[in-house]
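Take a look at the letters that make up each chain.
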Amino acid sequence: AQTVTQSQPEMSVQEAETVTLSCTYDTSESDYYLFWYKQPPSRQMILVIRQEAYKQQNATENRFSVNFQKAAKSFSLKISDSQLGDAAMYFCAYRSAPPLNDMRFGAGTRLTVKP
Amino acid sequence: SAVISQKPSRDICQRGTSLTIQCQVDSQVTMMFWYRQQPGQSLTLIATANQGSEATYESGFVIDKFPISRPNLTFSTLTVSNMSPEDSSIYLCSARRPAGGYTFGSGTRLTVV
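Residues numbered from 1 in each chain as written. Chains lettered and ligands numbered in written order. Predicted model: local features only at pLDDT ≥ 70, side-chain atom pairs only at ≥ 80, totals over all residues. Heavy atoms only, no water.

**Topic: unusual backbone geometry**
In terms of backbone geometry, most residues other than glycine have negative phi values and most peptide bonds are trans. Selection criterion: For helices the rule is a DSSP run of H or I covering at least 4 residues; for strands it is a run of E covering at least 2, with both sets numbered from the N terminus onward. Exposure categories follow from relative accessible area, calculated using a 1.4 Å probe and restricted to protein chains: below 20% of the type maximum is buried, above 50% is exposed, and the middle band is partly exposed.
Of the consecutive residues Lys7 of chain B and Pro8 of chain B, the connecting peptide bond is found in the cis state with omega at -5 degrees. Within the element layout of this structure, Pro8 of chain B appears in the loop between β1 (4-7) and β2 (10-13). At Asp81 of chain A, a position not held by glycine, the phi torsion is positive, near 50 degrees. Relative to the helices and strands, Asp81 of chain A is located in the loop between β9 (74-79) and β10 (88-96). The exposure class assigned to Asp81 of chain A is partly exposed, which follows from its relative accessible area of 39%. With a phi close to 45 degrees, Asn82 of chain B is a non-glycine residue in the positive phi region. Looking at where Asn82 of chain B falls in the secondary structure, it is placed in the loop between β8 (75-80) and β9 (89-96). Taking relative accessible area as the criterion, Asn82 of chain B reaches 54% and is therefore assigned exposed.

Shown next as structure tokens:
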């Protein structure tokens, strides 16, 4: 079974600075999808960014970008110009290609943004 | 994108009773999923709910304890049966949209006393 590992239980960043959250995964599949989700105290899971494994180009969404290293099975999230609203739990997630569709989550990283 | 309405948002229940959690999606979705999230921890998949067929349960979760219904493409329920304090957790539903992508309900915080 696929596993997702987030080795940083907590991270802290100064407002306006850059922070990188780490994620590694274990799989024998060649086609899959990777995600970063943000979960604020409201519990709502919010999609931050997604990456298709077949794409070599790293995904970018405004201040959020990933460093996808397929051979190393690494999928880190970089948050630039951190804002107070970025404070939340961040979960890395893995999803197999269809027909398998369930998503596996890492343990999460709690990000604190200091003003 | 699809929006999921999950109810109740929270509940406090007596041990030995059952609670049914509902998720209503505002558009048809192919698959729905139910997760459990212990406080401050990650999401653990309980089961996958397909319309018109029995749910597929993950290791450690059984139908007698967590019966699931999926009567149509926009609705699903999860029942937590014969509850004990160990069932206290947050339960979330998720839906996979036909075009891909996932959306989540806002979760149900369950406390069993």
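**A few points about the interface of chain B and chain A**
What counts here: The contact definition used throughout considers only heavy atoms, calling two residues in contact when any of these lie within 4.5 Å. The term buried area means the drop in 1.4 Å probe accessible area that two parts suffer when joined, counted for both and summed. Should a side-chain nitrogen of Lys or Arg be within 4 Å of a carboxyl oxygen of Asp or Glu, the pair is scored as a salt bridge. Whenever a nitrogen or oxygen atom comes within 3.5 Å of another N or O atom, the pair is scored as a polar contact, on the condition that within protein one atom can donate a hydrogen and the other can accept it, and that pairs from neighbouring residues in sequence are kept only if both atoms are in side chains. Each residue gets one of three labels, nonpolar for Ala, Val, Leu, Ile, Met, Phe, Trp, Tyr, Cys and Pro, charged for Asp, Glu, Lys and Arg, and polar for the others, Gly among them.
Tallying the contact residues gives 24 residues for chain B and 19 residues for chain A. When the two sides are added together, the surface that chain B and chain A hide from each other amounts to roughly 1600 Å², 50% of it contributed by carbon and sulfur. Taken together, the connections running from chain B to chain A amount to one salt bridge. Its salt-bridge partner being Arg104 of chain A, residue Glu58 of chain B comes within 2.9 Å of it at the nearest N-O pair. Taken together, the links from chain B to chain A amount to nine residue pairs in polar contact (both at pLDDT 80 or more). When residues of the side of chain B that touches chain A are traced back to their parent elements, those giving at least two are β4 (31-37), β5 (43-50), β9, β10 (102-104) and β11 (108-112) of chain B. The element best represented in the side of chain B that touches chain A is β4 of chain B, accounting for four residues. Of the residues contributing to the side of chain B that touches chain A, the split by class is nine nonpolar, 11 polar and four charged.

**Let's talk about the state of the cysteines**
Residues and elements named next belong to chain A. What counts, and what does not: Here, the term disulfide refers to a pair of cysteine sulfur atoms separated by no more than 2.5 Å.
Throughout the structure, instances matching the rule amount to two disulfides over all chains. Residue pairing for Cys23: its cysteine sulfur links by disulfide to Cys92, the two sulfurs lying 2.0 Å apart. Here the disulfide of Cys23 and Cys92 is left-handed, its torsion about the S-S bond being about -70 degrees. Of the two residues, Cys23 is situated in the loop between β3 (19-21) and β4 (24-26) and Cys92 in strand β10; the sequence distance between them amounts to 69 residues.

**Concerning the pairing of β11 of chain B**
Residues and elements named next belong to chain B. What counts, and what does not: Strands were regarded as paired on the criterion that DSSP finds at least two bridges between them.
Only one face of β11 is covered, namely the face carrying Thr108, Leu110 and Val112; the face carrying Arg109 and Thr111 is uncovered. One ladder, built from four bridges, connects β2 with β11; its direction is parallel. Opposite Cys13, over in β11, you have Val112 as the bridge partner.

**Quick word on the side chain of Thr108 of chain B**
Of note, Thr108 of chain B is situated in strand β11. Among the residues examined, Thr108 of chain B registers a relative accessible area of 0% and is labelled buried. Polar side-chain contacts of Thr108 of chain B include one of 3.0 Å to the side chain of Gln6 of chain B. Reaching out from Thr108 of chain B, the side chain makes a polar contact with the backbone oxygen of Pro8 of chain B at a distance of 2.5 Å. Non-local contacts of Thr108 of chain B, meaning those with residues more than four positions away in its chain, are made with Arg43 of chain A together with Gln6, Lys7, Pro8, Ser9, Arg10, Ile21, Ser89, Ile90 and Tyr91 of chain B.

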